[in-house]
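Given next are the chains, with one letter for each unit.
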Amino acid sequence: MTSERSAVRPLAGASRDAPRTSGLSGILTPRSVALVGASRRNLELVANVRRGTVDAAGVHPSNPEVAGLRCVPSLSALPAPPELAVLAVGPATIATSMRDALALGVRSFVVPGLGVEAGPEGPAAVRELRQLADDSGAAVLGPNCMGSARPDSPSAWLGTIPASFLPGSVAIVSQSGSIADAFLALGPRYGFSGVVSCGAELNRDAADWVAHFAADPATRVIGLFLETVRRPTAFREALRLAGEAGKPVVCLKVGRSEQARRAALAHTGAIVGSQAAFSAVLRSHGVLQVDDLPEMIELLGVFSTARRPTGTRIGAVTESGAEAALLGDHAEPNGLTFPALPERIRQRLRAGHPLLPTSNPLDPWAIAEPVAAFSTAIEALAEAGVYDLLIGQVDLSRHRGGTEQTWCGAVVRALADAGRRANVFTAVTTVHHTDPPEDLARYAAEHDVCLLKGIGPGLTAIARAAVWSPRVTAAVPPPRGAGLVEELAGLPAGSLSEFVSSALLERTGVAFARRVLAESADAAAAAAREIGFPVVVKTDGPAHKAREGGVLLDLTSPDAVSDAATRLAGRVLVAEQVAPGLEVFCGMVRDPDWGPVYALGRGGTQVESTTPVTFAGPLTPDSLRPLIGQAGLETWHEPLVAALLAMDALARGAPRVGEIDINPIICAADGAARAVDALIVLTTDIPDEDRP
């Protein structure tokens, strides 16, 4: 992710810190709507604003009606002011139309045009609209967008809204119009509480819409397609609101291939590139990041149902042994299991169907008449009471024959009944990527059965949903670097020495090995006697001293220390040599958009050959526990929590601290841990308005 502040103009009149949801209900669910510029050139838009039962009118200078939409010659001729004005006019008249609407009290607008088709007059018109919106506090969706769509409601949508666009619980916020339109054309696999195409985001952006849907009772899950983030702080606040509402956010961001790796002294700057920083922020808020649209579609489908996966134990039926094997192959790497049927259920199945294999997954194909066999098998799985989710692996395709459609439909209906009785998540996975019969898809959506395309993608989506939990922000410890601000103000930008870096971190709570700064060989020998042998002697330089021969180990006498100090020349550090143990790396880099981002992983020389876990602050003990486990470092939880909280407190209190490396922290078998090397890199002074 490239830095967006230099590439994108901030939103008009928008706080950097808070989402703005005023006027958004009027855009998505207006009580009345006026289409300014209604004509036969935009018949789809005319048809869409007529959806539902609310009052809709067009504005046309001469036609009293356009494709069934009642029209008046001007906004002032309407019997009552509309809640929403859709401005489908060109750059020459659009500002006048907005002024007329604002004079009537309208504060919600959709501007689908003013893209490249507007020509050279477009940018000036956009600037004028921005000023009008700024001055009036109006909310504008667009310009250059597809608009907003909601099933069975008036929709300011440029394209065709198909009959298969059903009401439901999935909200889509997309900066791409074509991606938003792809969800309208998804078919009846699941329904939507709203689809919003943000476009160029004049004064309402993705952060505002995420916050809106976080508060929307009809929404269970939010799908987010991003090209950029205009207000990082407001975006994080919107994600926090979604987490507190218990609503998962599934995010796909494009532009990830442009990895701007900085050339930095600190390891962290190379590890945490701009895209890694963005991903770390998403993880810190419990957002599920995906890599492609099909992955996003399946994951949204799993979260769209009223009954979500609550565990990883699957009870399944399949139509072949090969497909049962495929289920197993994809389940195992996703942490999903197939517990055996209880013996009482096995006995009952054998009594009714002696030839039926009773292993899980159950394969009743060809054992008896398919409708009865599959229905019996699914009923048995539900009655077993040991499964968190029930799956039917059958080949749903609208191109199968009539006989196959009959028993495939029976599987979906049996899963609907079983899910309701057992109160468990139910789904159908299929080897096909073609659509199922439309009536069956509608039935599944209405009866809370999730239809998933592809065994692998389907099980991956289920597994991710099964372990998801809402991320609620806990109380954050106060920053500890405030007292250092004046102390750091007089220092030039760049890396601090190891002695100064370690001292700053030690003052904020990081445990370090004992060390003394020595100006001469005799002072180094005296320091070694004070510390106790063996000791380490190293240059008091910045990073990567060991690699450059600046560290001498295993020194056991004053003469050896004196010789080492003479060899290294200049000021040296004499430090306690900590006994060998697991070496851990902790680091922080201050991203220009997202603030402090952290890295944790194996340290020492391994830091350059392994991939640390990255995550964003502010940090709390509870938020760190799973991250330390993800890095495989659970045994040393307490000392690592202390080190990471100290880094976070320093980073938040002293904005000039741009990067921190602690490498390594040596973790002993008894659970103790001490850092033996550190680096802090200072940036130039950061103005208050530019601090994330």
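Everything below is about the structure shown above.
Residues numbered from 1 in each chain as written. Predicted model: local features only at pLDDT ≥ 70, side-chain atom pairs only at ≥ 80, totals over all residues. Heavy atoms only, no water.

A. Looking closely at the overall build of the protein chain. The number of helices and strands found in the protein chain is 22 helices and 28 strands. By principal-axis analysis of the C-alpha atoms, the protein chain measures approximately 100 × 80 × 35 Å. Residue pairs in contact within the protein chain that sit at least 24 positions apart in sequence constitute 71% of those at least 6 positions apart. Accessible area for the protein chain stands at about 27,100 Å²; split by element, carbon and sulfur atoms hold 53% of it. (Helix = DSSP H or I, 4+ residues; strand = E, 2+ residues; numbered from the N terminus. Contact = heavy atoms within 4.5 Å. Areas by Shrake-Rupley, 256 points an atom, 1.4 Å probe, with all protein chains shown as cover.)

B. Representation of the packing of aromatic side chains within the structure. Using the criterion set out here, one finds eleven aromatic pairs in the structure. For the ring pair Tyr-190 and Phe-192, a centre distance of 5.6 Å and an interplane angle of 50° mean the geometry is tilted. By way of ring pairs, the aromatic residues Phe-165, Phe-183, Tyr-190 and Phe-192 are connected into one cluster. Seen from the ring of Phe-278, Lys-253 lies directly overhead, with NZ or CZ sitting 5.9 Å from the centre. (Phe/Tyr/Trp six-rings, centres within 6.5 Å; stacked < 30°, edge-to-face > 60°. Lys NZ or Arg CZ within 6 Å of the ring centre and 35° of its normal.)

C. Structural detail: the pairing of strand E23 (residues 582-591). In terms of residue burial, E23 counts as a mostly covered element, since nine of its ten residues are buried. Note that E23 and strand E26 (residues 657-667) share seven bridges and pair antiparallel. Counterpart to Glu-583 in the pairing with E26 is Ile-666. Bridge count between E23 and strand E24 (residues 595-602): eight bridges; the pairing is antiparallel. (Buried < 20%, exposed > 50% of the residue type's maximum accessible area, 1.4 Å probe, protein only. Pairing = 2+ DSSP bridges.)

D. Helix H15 (residues 438-446), seen in detail. Of the residues making up H15, those classed as buried are Leu-440, Ala-441 and Ala-444. Buried residues of H15, viewed axially, fall in a sector of 100°; they line one side. Turned more than 90 degrees away from the buried face of H15, the exposed residues are Asp-439 and Glu-446. Elements that come into contact with the buried residues of H15 comprise helix H14 (402-422) and strand E17 (449-453). Immediately beyond the C-terminal end of H15, within one or two residues, lies Asp-448, with a positive phi of roughly 65°. (Arc of directions from axis to C-beta.)

E. Looking closely at the nonpolar core. Counting 52 residues, the largest nonpolar core has Trp-209, Leu-224 and Phe-235 as its most contacted members. Among the elements that line this core, the one with the most residues is helix H6 (residues 206-214), at seven residues. Setting aside anything within four residues of it in sequence, one finds Phe-235 in contact with Ala-207, Leu-224, Leu-226, Val-229, Phe-278, Leu-282 and Trp-594. Ranked by size, the runner-up nonpolar core spans 46 residues in total, among them Phe-225, Leu-252, Leu-300 and Trp-468. (Core = buried A, V, L, I, M, F, W, Y, C linked by side-chain atoms within 4.5 Å.)

F. Region of interest: the environment of Pro-364. Mapped onto the fold, Pro-364 is located in the loop between helix H12 (343-352) and helix H13 (370-384). Taking the C-alpha atoms as reference, Pro-364 lies 26 Å from Glu-446; in sequence the two are 82 residues apart. In this structure, Pro-364 is in contact with Thr-318, Leu-356, Ala-373, Phe-374 and Ala-377, ignoring residues within four places of it in sequence.

G. Spatial organisation of the sheet that holds strand E12 (residues 249-253). Across the sheet, which stays open at both edges, the six strands sit in the order E8-E10-E9-E11-E12-E13 with mixed pairing between neighbours. Every interior strand has two partners, whereas the edge strands, strand E8 (147-149) and strand E13 (288-289), have only one. Examined bridge by bridge, E12 and E13 share two bridges and lie parallel to one another. Within the sheet, the bridge partner assigned to Val-250 lies in E13 and is Leu-288. The sheet contacts of helix H10 (residues 293-304) involve strand E9 (167-174), strand E11 (221-226), E12 and E13, and relative to E11 the element is tilted by about 165°. (Axes fitted to C-alpha atoms, helices over the stretch in contact; angles between N-to-C directions.)

H. Structural view of the environment of Ala-675. Along the polypeptide, Ala-675 turns up in strand E27 (residues 673-675). Along the primary structure Ala-675 and His-330 are separated by 345 residues, whereas in three dimensions their C-alpha atoms are 42 Å apart. Not counting residues up to four positions away in its chain, the partners in contact with Ala-675 are Val-510, Ala-511, Phe-512, Ala-513, Ile-662, Pro-664 and Ile-665.

I. Structural view of the packing of helix H11 (residues 321-331) against helix H16 (residues 455-467). At a minimum axis separation of 9 Å, H11 and H16 run at an interaxial angle of 45°. On the basis of their axis angle, the class for H11 and H16 is oblique. Along this stretch, H11 crosses H16, giving a crossing that reads as right-handed. Contact with H11, carried on its side by Glu-323, Leu-326, Leu-327, His-330 and Ala-331, involves Ile-455, Gly-456 and Leu-459 of H16 and no other residues of that element. The class makeup of the residues in the contact of H11 with H16 is five nonpolar, two polar and one charged. (Parallel < 35°, antiparallel > 145°, perpendicular 65-115°, else oblique. Left-handed = near helix turned anticlockwise from the far one by under 90°. Nonpolar A, V, L, I, M, F, W, Y, C, P; charged D, E, K, R; others polar.)

J. Structural view of the sheet that holds strand E14 (residues 314-318). Strand order in the open sheet made by the four strands is E14-E15-E16-E17, with parallel pairing throughout. Single-partner strands in this sheet number two, and they are E14 and E17. Direction aside, neighbouring strands of the sheet carry axes that sit 20° apart on average. When strand E15 (residues 389-393) meets strand E16 (residues 425-430), the two strands line up parallel, connected through five bridges. Each residue of the ladder has a partner; that of Gly-392, found in E16, is Val-428. Contacting E14, E15, E16 and E17, H16 runs over the sheet at an angle of about 130° to E17.

K. View of helix H18 (residues 498-507). Regarding H18, the residues found buried are Glu-498, Ser-501, Ser-502, Leu-504 and Leu-505. In a view along the axis of H18, the buried residues occupy a sector of 160°, so they form one face of it.

L. Region of interest: the pattern of salt bridges. What the rule picks out here adds up to 26 salt bridges. The salt bridge partner of Asp-208 is Arg-231, with a shortest N-O separation of 2.8 Å. Remark: Arg-231 occurs in the loop between E11 and helix H7 (232-244) and Asp-208 occurs in helix H6; sequence separation between them is 23 residues. Neither residue differs from the other here; Asp-208 and Arg-231 are each classed as buried. Close ionic contact of Glu-438 with Arg-442 constitutes a salt bridge, the shortest N to O distance being 3.4 Å. Separated by four residues within a single helix, Glu-438 and Arg-442 lie in helix H15, roughly one turn from each other. (Salt bridge = Lys/Arg side-chain N within 4 Å of Asp/Glu carboxyl O.)

M. Just the side chain of Ser-497, in detail. You can see Ser-497 is positioned in the loop between strand E18 (494-495) and H18. In this structure the side chain of Ser-497 is engaged in a polar contact, spanning 3.2 Å, whose partner is the backbone nitrogen of Val-500. Sequence-distant contacts of Ser-497, defined by excluding residues within four places in its chain, comprise Asp-540 and Gly-541. (Polar contact = N/O pair within 3.5 Å; in protein donor to acceptor, adjacent residues only side chain to side chain.)

N. Seen up close, the side chain of Gln-289. On the secondary structure map, Gln-289 appears in strand E13. Within polar-contact distance, the side chain of Gln-289 engages the side chain of Ser-279 at 2.8 Å.

O. Fine view of the state of the cysteines. Counting across every chain of the model gives zero disulfides. Between Cys-408, a cysteine without a disulfide, and Cys-450, which holds the nearest cysteine sulfur, the sulfur-to-sulfur distance is 16 Å. The thiol sulfur of Cys-667 is not disulfide-bonded, and the nearest other cysteine sulfur, from Cys-586, lies at 8.2 Å. Assessed through its relative accessible area of 2%, Cys-667 is described here as buried. (Disulfide = S-S within 2.5 Å.)

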